[in-house]
Amino acid sequence: MRLPVYDKDGNRTDEILEFDEKIFGEEVKKALLKEAVLMYEARKRQGTHSTKTRSDCAGSGRKLWRQKGTGRARVGPARAPHWKGGGTVFGPHPRDYSYSIPKKAKRKATESAWLAKFQDREVIVIEDFALEAPKTSAVHEVLSTLGVVKSKTLIGTSKERDDILLKSARNIPRTSVEVVSRLNAYSLLYNNKILLTKKAFNELISDRNGEVKSLKRESLYNKK
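As the structure is a prediction and not an experimental result, all values here were calculated from the model.

Asker: Is there a simple way to explain the nonpolar core in this structure?
Answerer: Soluble globular proteins tend to pack their nonpolar side chains together in the buried interior. Formed by 31 residues in total, the largest nonpolar core has its most connected members in F24, W114, F118, L196 and F201. When residues of this core are traced back to their parent elements, those giving at least two are β1 (2–6), α1 (30–44), α2 (103–119), β3 (123–126), α5 (185–190), β6 (193–197) and α6 (198–206). In terms of residue count, the dominant contributor to this core is α2 (6 residues). Aside from chain neighbours lying at most four places away, what touches F201 is L3, L17, F19, F118, V125, L196 and V212. Listed in part, the 16 residues of the second largest apolar core include I124, V139, I172 and V177.

Asker: What should I look at first to understand a positive patch on the surface in this one?
Answerer: Residues K29, K104, R107 and K108 make up a contiguous surface patch of positive charge. Along the chain, the position of K108 falls in helix α2. With relative accessibility at 38%, the residue K108 sits in the partly exposed group.

Asker: What exactly am I supposed to notice about the environment of E26 here?
Answerer: Within the secondary structure, E26 is located in the loop between β2 (12–18) and α1. Among the residues examined, E26 registers a relative accessible area of 65% and is labelled exposed. Residues E26 and S112, spaced 86 residues apart in sequence, show a C-alpha to C-alpha distance of 8.9 Å.

What counts as what
- Residues numbered from 1 in each chain as written.
- Predicted model: local features only at pLDDT ≥ 70, side-chain atom pairs only at ≥ 80, totals over all residues.
- Heavy atoms only, no water.
- Core = buried A, V, L, I, M, F, W, Y, C linked by side-chain atoms within 4.5 Å.
- Buried < 20%, exposed > 50% of the residue type's maximum accessible area, 1.4 Å probe, protein only.
- Helix = DSSP H or I, 4+ residues; strand = E, 2+ residues; numbered from the N terminus.
- Contact = heavy atoms within 4.5 Å.
- Patch = residues over 30% accessible without salt bridge, like charges linked within 9 Å, V, L, I, M, F, W, Y side chains within 5 Å.
- Areas by Shrake-Rupley, 256 points an atom, 1.4 Å probe, with all protein chains shown as cover.
- Salt bridge = Lys/Arg side-chain N within 4 Å of Asp/Glu carboxyl O.
- Lys, Arg positive; Asp, Glu negative; His and termini not counted.
- Charge placed at Lys NZ, Arg CZ, Asp CG, Glu CD.

Structure (structure tokens):
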């Protein structure tokens, strides 16, 4: 697979990165991706919902009227579920929805998500933003040039934390910044476009024992 490289202004350069996408797996495992997404979604649930049972409601436990002789139906206390202000039957209570799938499954799901993004041409590689100070307009201009400013875009950086880029992009809607080694299947699938710096891309490939070949555009079209 070959990916073009863009400069800090968002314009395409002559450099092209070539790598073997099979380092992320032979195929996209859709069933595994679904399991991973459901797991991450479940972990986001707060689980603070609560309802009162008949034992939690205010009121007396006395029988409202005697069992026989009134001509009315027999009843129990006012806290019974069929009365207004009574308890709730089988209502939700605070609980923890989080669960985990095996580590190997999570790793395979992340690799399948990367493979899907590369196959769909949703990964863009940029040389570097080269920001000397936080400046939102500079990052916004790059995203506009690349045509991803209106999409949910995830900017992947190298292992070294880039606070300047983080401060520059945090005010741009639908844009987030994260270290590439911390990305998971959910964060990759949630965003429409993945924008990687060249250093982050090389780290991504090298972590999977892959090899990146840097080519020039002229060598691709002027072959004998």
